[in-house]
Amino acid sequence: MTDTSTTAPAGSGRPIAPSHGALRPLGLDEVRITGGFWAGWQRVNATALIEHCAEWVERIGWAGNFDAAVEGRMPEAHTGKAFADSDVYKLMEAMAWEIGRTGDAAMDARFRALTARIARVQEPDGYLNTNFGRPGQRPRYSDLEWGHELYSYGHLLQAAIARVRTTGEDEFVGIARRVADHVCEAFGPDGIQRVDGHPEIELALAEWSRCTGDPRYLDQARLFVERRGHGVLADIEFGRAYFQDDVPVRDARVLRGHAVRALYLTAGAIDVAVEDEDAELLEALRGQVATTIARRTYLTGGMGAHHEGESFGLDHELPPDRAYSETCAGVAAVMVGHRLLLATGEESYADLVERTLYNVVATSPATDGRSFFYTNTLHQREPGAEPPLDVASPRASSSLRAPWFEVSCCPTNVARTFASLGAYLATATDDGVQVHQWASSEIATALADGSRVRLRVQTDYPRSGAIRVTIDESRAEPWSLSLRIPAWATGATVAIAGAPPVAATPGAHVVRRAFAPGDVIEVSLPVAPRWTWPDPRVDAVRGAVAVERGPLVMALESVDLGSSVNDVVVRPDAGLVDHATEADGEVEATIVPLHGGADAWPYADAPVERAGEPARRVRLIPYYRWAERGPSTMRVWLPLASDVSR
């Protein structure tokens, strides 16, 4: 692995900064998104989404828990679940990245005000939680299965990492340092020999070690990773697999149990493996992720097939109408994919990041940033009901986006992801720059010899696949520019400095030359719509097809159909018609409406189509836009007409 420690300072604006790996991440001080799809989401995040989250943690009392703890009003005054503290911390992480990105002074003042309220709650030994440890409350660490104390610490530490890497040392960073020291004391080799029921502390401690340069925190992260899987948590109805406490991390074959827990644990274990240069552990994790992608991941990149336990299903158990596909699992999958990209340099992980960002993370929030999906079904059978705007939804599986949830981990997770998104676009090596996510942006960094390179990316991707990369600053000697060609982009081309275009196969297309300022590289990705067929082992969608356009999964919505999406079949042999719009793309497909008939027996001794009206064209929209026009039915997988074969 390449040592990146000398080129990744602690205050670098990077969510993760491994000391070595195949690629060096670039931070918010090196990459700036300037326009297009993701700039739009960052604008919504800055002007509405973060503020919306801040309003709700106040309105519902989760921020007020810190005041009540100091004022002696606990336990009666506590509001929210055991992990309510963590959503305040995730909000603060989003704020910290946004302050670093834009210098928002008003947001910085709010951050400091929250810090002052939290600081008063911290005990002299560093312990910090509003739900445990006071008269009338349960003792510290008395419910590690469900108490989420270490989980909440993890999100506090991630917020502090964002703060120190964008603003520097302050009171909040000091709070986090005392928390981290307390965890090492309480759960170290001579302390409590258990783990938290919800992984998160592992990745936070590993990154805190990178941030501070103190190996104690990495040692503690390693202890947590190695302890899990040995039955250190109590057995429960869902089994210990729910907590990933059934099989040691090194021995697991696939991700299982609660999807967010499994993915957070995987991210933390990757961090430990990279820092320890533990090739055996890293290879085990890569194998688990590969199996999970191949057998337990939805077309959207979503993970988690079971509502019960918010968990992964068995291999190829991916029912579209029962998809849980929690938004937080999407965020966690992005974290895992980005870590493996940095560790290995393999662009397939950037493909996973792209798929999940567009089709899970961007699907959750409404375009105004003030309501959200917690779960992300691929087939809505009944029109949903408009949720009240002033009440937290009690149901994770809201049929329409809700302004808030009684368990509201997803909105703050989306906020922190959007605020730090620039850090996912590009990386560097000693001798070059790699562009992984396509967005209009400016990228500037130094290579190992100290020379500066600077480039601009201009594109309206994913509406079109036309991408223009301009070199604005370069050293005289040759260096390498790597351009990700997505796995779906068969027929992509790259043209350099006006030369004829050359074919570019999926993966990393590397251009090495002595670039000069003004040189232009033109990338063309074929974003035309395409049919997608499922593996026949995915029983729930056998005999159905989906449509994708570039990185976007498309969906049929009843608003465009004029009737329920449950009563149609599709004819792929009639082709697809592309409709590019200003913001993204829409597609036309040919469907055949079915008649329901009387309540007849639904089985027969020969294929029955129940064709009703004549075949007609209907518009499909990007999946992330569904339910923006009111209650509707929707589906991604479209059943084939009975006379159509693969």
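Residues numbered from 1 in each chain as written. Predicted model: local features only at pLDDT ≥ 70, side-chain atom pairs only at ≥ 80, totals over all residues. Heavy atoms only, no water.

## Overview of the overall build of the chain
Alright, step 1. The secondary structure content of the chain amounts to 14 helices and 24 strands.
Alright, step 2. For the chain, whose C-alpha radius of gyration is 25 Å, the value lies close to the compact-globule estimate of 26 Å for 646 residues.
Alright, step 3. Each principal axis of the C-alpha distribution contributes one length, and for the chain these read about 75 × 70 × 45 Å.
Alright, step 4. A total of 646 residues make up the chain; the buried ones form 62% of that total.
Alright, step 5. Counted over contacts in the chain with a minimum sequence separation of 6, partners at least 24 positions apart contribute 67%. (Helix = DSSP H or I, 4+ residues; strand = E, 2+ residues; numbered from the N terminus. Rg over C-alpha atoms; globule rule 2.2 N^0.38 Å. Buried < 20%, exposed > 50% of the residue type's maximum accessible area, 1.4 Å probe, protein only. Contact = heavy atoms within 4.5 Å.)

## Some thoughts on the pattern of salt bridges
Alright, step 1. Counted under the stated rule, the structure contains 60 salt bridges.
Alright, step 2. Salt-bridge contacts for R138 lead to D143; the nearest nitrogen and oxygen are separated by 3.0 Å.
Alright, step 3. Relative accessible area serves as the criterion here: at 39%, R138 is assigned to the partly exposed category.
Alright, step 4. Note that R250 and D278 form a salt bridge whose closest N and O atoms lie 2.4 Å from each other. One end of the pair, R250, is in the loop between α8 (215-227) and α9 (259-276); the other, D278, is in the loop between α9 and α10 (279-295), with 28 residues separating them in the sequence.
Alright, step 5. With relative accessibility at 27%, the residue R250 sits in the partly exposed group.
Alright, step 6. Exposure remark for D278: the relative accessible area of 17% places this residue in the buried category.
Alright, step 7. One network of salt bridges, in which partners are shared, links R165, E207, R210, D271, E275 and R339. (Salt bridge = Lys/Arg side-chain N within 4 Å of Asp/Glu carboxyl O.)

## Things to note about unusual backbone geometry
Alright, step 1. For the bond running from M74 to P75, omega is 5°, close enough to zero to count as cis.
Alright, step 2. Relative to the helices and strands, P75 is located in the loop between α2 (64-70) and α3 (84-102).
Alright, step 3. Along the chain, Y461 connects to P462 via a cis peptide bond; the corresponding omega equals 10°.
Alright, step 4. Within the secondary structure, P462 is located in the loop between β9 (452-459) and β10 (466-473).
Alright, step 5. In this structure, E277 takes a positive phi of about 50° despite not being glycine.
Alright, step 6. For E277, a relative accessible area of 53% corresponds to the exposed category.
Alright, step 7. Phi angles above zero are rare outside glycine, and H316 is one such case at about 65°.
Alright, step 8. Structurally, H316 is set in the loop between α10 and α11 (327-344).
Alright, step 9. Residue classification places H316 among the buried residues on the basis of a relative accessible area of 11%.

## Topic: the sheet that holds strand β7 (residues 432-435)
Alright, step 1. The sheet built from 5 strands is open, its strands ordered β3-β6-β7-β11-β14 with mixed pairing. Edge positions in the open sheet fall to β3 (24-25) and β14 (507-513), since each of these has one partner strand only.
Alright, step 2. As defined by bridge partners, strand β6 (residues 426-429) adjoins β7 across 4 bridges and the pair is classed as antiparallel. Note on β7: the bridge partner recorded for T427 is Q434.
Alright, step 3. Across the face of the sheet, helix α12 (residues 347-361) comes into contact with β11 (479-485) and β14 while running at roughly 50° to β11. (Pairing = 2+ DSSP bridges. Axes fitted to C-alpha atoms, helices over the stretch in contact; angles between N-to-C directions.)

## Remarks on the environment of G191
Alright, step 1. Within the fold, G191 resides in the loop between α6 (171-187) and α7 (201-212).
Alright, step 2. Sequence separation between G191 and D560 is 369 residues; the distance between their C-alpha atoms is 60 Å.

## A few points about the sheet that holds strand β8 (residues 440-446)
Alright, step 1. The strand order across the open sheet built from 7 strands is β4-β8-β9-β10-β15-β12-β13, with neighbouring strands paired in antiparallel fashion. Pairing within the sheet leaves two strands with one partner each, and these edge strands are β4 (31-35) and β13 (502-503).
Alright, step 2. With 5 bridges connecting them, β10 and strand β15 (residues 520-524) associate as antiparallel partners. Its bridge partner lying in β15, R468 is registered against E522.

## Let's talk about the side chain of E149
Alright, step 1. Here E149 is to be found in helix α5 (residues 149-166).
Alright, step 2. The charged side chain of E149 is buried without a salt bridge, its nearest counter-charge being R140 at 6.7 Å.
Alright, step 3. A distance of 3.0 Å separates the side chain of E149 from the backbone nitrogen of Y141, its partner in a polar contact.
Alright, step 4. The contacts of E149, once residues within four sequence positions are left out, are Y127, N129, F132, R140, Y141, S142 and D196. (Lys, Arg positive; Asp, Glu negative; His and termini not counted. Polar contact = N/O pair within 3.5 Å; in protein donor to acceptor, adjacent residues only side chain to side chain.)

## A word on the confidence of the model for the chain
Alright, step 1. Per-residue confidence for the chain averages 94 on the pLDDT scale, and 96% of its residues sit at or above 70.
Alright, step 2. Confidence drops under pLDDT 50 across residues 1-11; counting only partners more than four residues distant or on other chains, this segment forms 27 contacts. (pLDDT = per-residue confidence, 0-100.)

## Remarks on the packing of helix α1 (residues 37-59) against α3
For any two helices packed against each other, the geometry is given by the interaxial angle and the distance between the axes.
Alright, step 1. At a minimum axis separation of 10 Å, α1 and α3 run at an interaxial angle of 145°. In this structure, the crossing between α1 and α3 has a hand that is left-handed. The segment α1 lies against α3, with Q42, N45, A46, I50, C53, A54 and V57 engaging L91, A94, M95, E98 and R101.
Alright, step 2. Per-class residue counts for the contact of α1 with α3 are 8 nonpolar, 2 polar and 2 charged. (Left-handed = near helix turned anticlockwise from the far one by under 90°. Nonpolar A, V, L, I, M, F, W, Y, C, P; charged D, E, K, R; others polar.)

## A few points about the state of the cysteines
Alright, step 1. Taken as a whole and assessed by the stated rule, the structure comprises 0 disulfides.
Alright, step 2. This cysteine, C211, is not joined by any disulfide, and C184 carries the nearest cysteine sulfur, 14 Å off.
Alright, step 3. Note on C409: no disulfide assigned, nearest cysteine sulfur contributed by C328 at a separation of 3.5 Å.
Alright, step 4. Residue C409 is classed as buried on the basis of its relative accessible area of 9%. (Disulfide = S-S within 2.5 Å.)

## A closer look at the nonpolar core
Alright, step 1. Membership of the largest hydrophobic core comes to 186 residues, with the highest contact counts inside it found for W38, W438, L455, L481 and L525.
Alright, step 2. Residue contacts for W38: discarding those within four places in its chain leaves I33, L357, Y358, A362, F418, L421 and A439. (Core = buried A, V, L, I, M, F, W, Y, C linked by side-chain atoms within 4.5 Å.)

## Regarding the packing of α5 against α6
Alright, step 1. At their nearest, the axes of α5 and α6 sit 9 Å apart, and the two run at 140° to each other. For the element pair α5 / α6, the angle class is oblique. Once α5 is placed against α6, the crossing between them reads as left-handed. Each of L150, Y153, L156, L157, A159, A160, R163 and V164 in α5 lies in contact with α6, whose residues at this interface are F172, V173, I175, A176, V179, A180, H182, V183 and F187.
Alright, step 2. A breakdown of the residues in the contact of α5 with α6 according to their chemical character gives 15 nonpolar, 1 polar and 1 charged. (Parallel < 35°, antiparallel > 145°, perpendicular 65-115°, else oblique.)

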